[in-house]
Amino acid sequence: MNGKLIRKGEKLPMLFIYPFFLVHMGMFGLSGFLMAYAADDVELAFLYLHGGIAIVVYLAFYLAIFGRDEVKWMLINAALGLLGIWVEIETILGWFGKALSDFPPWVHVTPFLYYILYTFLLRQMLLDLTRSRDKPGRKRAVEMLYVLGSLAVYGALWLNR
């Protein structure tokens with residue numbers, strides 16, 4: 001990375017990792033979101049290629065940077081969090097006079113996957129900012145606050161519908 005060899009098990013420079021991926025994935029995710037929900041003439045195959053290639057690359061980076069157990073946690077959390085994703089995207093679309101039901105289900109695949117990847121990155125950043133990754137008690141507390149905070153956001157958005 002940047003001309004320096006990073007060996008397995010060495011810490012990566014997180015001050016580079018998080019800003020880079022938050023901005024990069026934010027741009028790709030936003031473009032995928034806009035193609036899926038704002039444009040009327042985007043071919044589904046292009047939407048899947050544009051988002052799918054990037055999502056596979058991000059997953060490869062996530063596995064290399066965060067490890068298999070953390071990525072497994074991301075996928076489990078995603079399966080449990082589909083309701084939250086649905087509520088938040090439904091709310092965002094509502095700001096523009098649209099709804100998830102205005103689009104066929106397969107259009108939602110790319111924006112939902114980006115959402116999963118982005119919220120995973122936010123959780124990882126929170127663990128590092130609070131220095132709780134290697135402190136089990138603190139990590140459990142941060143994860144509990146993350147879950148409760150997410151549920152509070154989902155609940156507030158659900159109630160404001």
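Okay, so let's go over this structure.

The rules we used
- Residues numbered from 1 in each chain as written.
- Predicted model: local features only at pLDDT ≥ 70, side-chain atom pairs only at ≥ 80, totals over all residues.
- Heavy atoms only, no water.
- Helix = DSSP H or I, 4+ residues; strand = E, 2+ residues; numbered from the N terminus.
- Rg over C-alpha atoms; globule rule 2.2 N^0.38 Å.
- Buried < 20%, exposed > 50% of the residue type's maximum accessible area, 1.4 Å probe, protein only.
- Contact = heavy atoms within 4.5 Å.
- Areas by Shrake-Rupley, 256 points an atom, 1.4 Å probe, with all protein chains shown as cover.
- Lys, Arg positive; Asp, Glu negative; His and termini not counted.
- Charge placed at Lys NZ, Arg CZ, Asp CG, Glu CD.
- Axes fitted to C-alpha atoms, helices over the stretch in contact; angles between N-to-C directions.
- Parallel < 35°, antiparallel > 145°, perpendicular 65-115°, else oblique.
- Left-handed = near helix turned anticlockwise from the far one by under 90°.
- Nonpolar A, V, L, I, M, F, W, Y, C, P; charged D, E, K, R; others polar.
- Salt bridge = Lys/Arg side-chain N within 4 Å of Asp/Glu carboxyl O.
- Core = buried A, V, L, I, M, F, W, Y, C linked by side-chain atoms within 4.5 Å.

**Observations concerning the overall build of the protein**
For step 1, the next point in the chain: Regarding its fold elements, the protein presents six helices and zero strands.
For step 2, the next point in the chain: Relative to the compact-globule value of 15 Å for 161 residues, the protein shows a C-alpha radius of gyration of 17 Å, a close match.
For step 3, the next point in the chain: In terms of overall dimensions, the protein has C-alpha extents of about 45 × 40 × 20 Å along its principal axes.
For step 4, the next point in the chain: The 161 residues of the protein split such that 37% are buried.
For step 5, the next point in the chain: Taking contacts inside the protein between residues at least 6 apart in sequence as the whole, the part at least 24 apart equals 69%.
For step 6, the next point in the chain: When the accessible area of the protein is evaluated, it comes to approximately 10,200 Å², of which 70% is carbon and sulfur surface.
For step 7, the next point in the chain: Treating the 15 positive side-chain charges of the protein as one cloud and the 12 negative ones as another, the clouds have centres 15 Å apart.

**A look at the packing of helix α2 (residues 44-66) against helix α5 (residues 109-129)**
For step 1, the next point in the chain: The interhelical angle for the contact between α2 and α5, taken along N-to-C directions, is 25 degrees, at an axis separation of 10 Å. It follows that α2 is roughly parallel to α5 by the angle criterion. By crossing handedness, the relation of α2 to α5 is classed as left-handed. Counting all contacts with α2, which are made through L47, Y48, H50, G51, A54, I55, Y58, L59, Y62 and F66, the residues of α5 involved are V109, T110, L113, Y114, L117, F120, L121 and Q124.
For step 2, the next point in the chain: Split by residue class, the contact of α2 with α5 holds 14 nonpolar, four polar and no charged.

**Focus: unusual backbone geometry**
For step 1, the next point in the chain: The backbone phi angle of R131 is positive, close to 50 degrees, even though this residue is not glycine.
For step 2, the next point in the chain: Secondary-structure assignment places R131 in the loop between α5 and α6 (136-159).
For step 3, the next point in the chain: For R131, a relative accessible area of 63% gives the class exposed.

**Focus on the pattern of salt bridges**
For step 1, the next point in the chain: With the rule as written, the count across this model stands at four salt bridges.
For step 2, the next point in the chain: Between E70 and R123 there is a salt bridge, with the nearest N and O atoms lying 2.9 Å from each other. In this pair, E70 sits in helix α3 (residues 68-80) while R123 sits in helix α5, placing the two residues 53 residues apart along the sequence.
For step 3, the next point in the chain: Given a relative accessible area of 11%, E70 falls into the buried group.
For step 4, the next point in the chain: R123 gets classed as buried once you look at its relative accessible area, which sits at 2%.
For step 5, the next point in the chain: Its salt-bridge partner being K139, residue E70 comes within 3.2 Å of it at the nearest N-O pair. Placement of the pair is E70 in helix α3 and K139 in helix α6, with a sequence separation of 69 residues. An identical accessibility class is assigned to E70 and K139; each is buried.

**Focus: the nonpolar core**
For step 1, the next point in the chain: Membership of the largest hydrophobic core comes to 33 residues, with the highest contact counts inside it found for Y37, Y62 and I89.
For step 2, the next point in the chain: Elements with a contribution of two residues or more to this core: α1 (14-37), α2, α3, α4 (82-94) and α5.
For step 3, the next point in the chain: Considering each element in turn, this core owes the most residues, nine residues, to α1.
For step 4, the next point in the chain: Excluding residues within four positions of it along the chain, I89 makes contact with F33, Y37, L100, P111 and F112.

**Some words on the side chain of E90**
For step 1, the next point in the chain: Following the sequence through the fold, E90 ends up in helix α4.
For step 2, the next point in the chain: A relative accessible area of 16% means that E90 is categorised as buried.
For step 3, the next point in the chain: Dropping the residues within four chain positions of it, E90 is found in contact with K98, A99 and L100.

Scope: geometric values only; no functional claims are made or implied.
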